[in-house]
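# Examination of the molecular architecture
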Amino acid sequence: ALAPLRAWGFPGLEQRLAAAPTLVSSVLPSRPYAAAAKTAKKGSQKAKQDETKKKVIRRRQLMSKPVDDVYLTWYYERPSYELEEAVGMLKKFQELDFTYPKQFVYINVFLDMALQKKKKVDPFASTVLLPYRFTDETNKVLVFTENEQEAEIARENGAAVVGGVELVKWILEDEVQADFYVAVPEIMPKIIPLRNKLKRKYPSTKRKSLGHDIPKMVEFFRDSLEYAVQDENIIKTRIARLDMPTEQIIANLKTVIRDICTFKP
């Protein structure tokens, strides 16, 4: 028979183990201690985040003006010019580049559409009559009226399409289209089905496309410029031709800016 297992141990091992202190406990720590450790860990993470926020991102200080014609643009402040100087530069570049002298002049207007409480100004569109025409193109205007005398006046003043309720079906089926739609108040109840189709081009007094002065409405929309907010905060539109006098280009620009400012909240 084999000797007991303890006979294979070292002499006096049992006494040594009995005298040694307990290193491992089978009793789990109470919950409050674990929660305290977890809270301390969260606190250290928050402290690290706060320190990261406090760190200031150091950027290279921009220089004011380059010394030659070849330079890295992000090292220098972006130049800005007065209107007269900017238009003069465009005209000068046109001569140097041999580009078409009657090309259009465009503007990009960047808007601050933010409001309080995380709200934004809704994108809008508008129509403005510029003091100086810069294109021979005219807009196609449709006039809603069932009065024969008013219809004749509309045609004489350059309306492309004139008609009554019969136009509703053709417009819904895309057989008749126009750049702008104007109407007299009496016919409005009959063209209600077009509200969703025409959307912002639906005749209204706010857009100056509803009224009795047909010649004035037709003339305004035939020669006017339409612009709209794109990409939530940008207006891109043409305002003139490069071969126009500088004062005329600036006058058209200021007219558009004044109209945009009417939409301030």
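Keep in mind it's a predicted model, so treat the numbers as computed, not measured. (Residues numbered from 1 in each chain as written. Predicted model: local features only at pLDDT ≥ 70, side-chain atom pairs only at ≥ 80, totals over all residues. Heavy atoms only, no water.)

## Considering the pairing of strand β3 (residues 141-144)
Let me state the cut-off plainly: Burial classes: relative accessible area under 20% of the type maximum marks a residue as buried, over 50% as exposed, and values in between as partly exposed (1.4 Å probe, protein chains only). By the criteria applied, helices consist of DSSP H or I runs no shorter than four residues and strands consist of E runs no shorter than two, each listed in order from the N terminus. Here the rule is simple: two strands pair whenever DSSP picks up at least two bridges between them. Convention used here: a crossover is right-handed provided that the path from the first strand, over the helix, to the second strand proceeds clockwise when the strands point away from the viewer.
Where burial is concerned, the two faces of β3 agree: the one with V141 and V143 and the one with L142 and F144 are both buried. Note that β3 and strand β5 (residues 180-183) share four bridges and pair parallel. Within β5, the residue paired with V143 across the bridge is V182. Of the strand pairs in this sheet, β3 and strand β4 (residues 161-163) are connected by three bridges, and their pairing is parallel. Paired with V143 across the bridge in β4 is V162. Chirality of the crossover, the property in question, places the unit of β3, helix α4 (residues 148-156) and β4 among those that are right-handed.

## Considering the pattern of salt bridges
Inclusion rule: The working definition used for a salt bridge is a side-chain nitrogen of Lys or Arg within 4 Å of a carboxyl oxygen of Asp or Glu.
Overall, the coordinates contain ten salt bridges when judged by the stated rule. In this structure, D174 engages K197 in a salt bridge whose closest nitrogen and oxygen atoms are separated by 2.7 Å. Of this pair, D174 sits in the loop between α5 (166-172) and β5 while K197 sits in helix α6 (residues 195-198), and the two are 23 residues apart along the sequence. Note on D174: relative accessible area 43%, which makes it partly exposed. A residue is classified by how much of its surface remains accessible, and K197, at 34% relative accessible area, is partly exposed. The structure contains a network of salt bridges with shared partners spanning E148, E152 and R155.

## Notes on unusual backbone geometry
The phi dihedral of K208 is positive, around 65°, even though this residue is not glycine. The topology assignment puts K208 in the loop between α6 and α7 (214-223). Looking at K208, the relative accessible area reads 55%, which means it is exposed. The phi torsion at D231 lies on the positive side, around 50°, for a residue other than glycine. When you line up the elements, D231 lands in the loop between β6 (225-230) and β7 (234-241).

## Topic: the confidence of the model for the protein
Quick note on the threshold: Per-residue confidence from the predictor is reported as pLDDT, which spans 0 to 100. Contacts are assigned to residue pairs that have any heavy atoms within 4.5 Å of one another.
Here the protein shows a mean pLDDT of 83. Residues at 70 or above account for 77%. Across residues 22-27 the pLDDT falls below 50, and counting only partners more than four positions away or on other chains, this stretch makes zero contacts in the model.

## Looking at the packing of aromatic side chains
Formally: Each aromatic pair joins two rings of Phe, Tyr and Trp (for Trp, the six-membered one) with centres within 6.5 Å, and gets the label stacked for planes under 30 degrees apart, edge-to-face for over 60, and tilted for any other angle. A ring is scored as having a charge over it whenever the NZ atom of a lysine or the CZ atom of an arginine sits within 6 Å of its centre and within 35 degrees of its normal.
Evaluated as defined, the whole model comprises seven aromatic pairs. A centroid spacing of 5.0 Å and a plane angle of 40° characterise the contact between F180 and F221, whose relative ring orientation is tilted. Here F180 is found in strand β5, whereas its partner F221 is found in helix α7, with 41 residues between them in sequence. Members of the aromatic cluster, connected to one another through ring pairs, are F180, F220 and F221. Looking at K201, its charged tip hangs above the ring of F180, at a distance of 5.9 Å from the centre. Directly above the aromatic system of F104 lies the positively charged group of R238, at a separation of 4.2 Å from the ring centroid.

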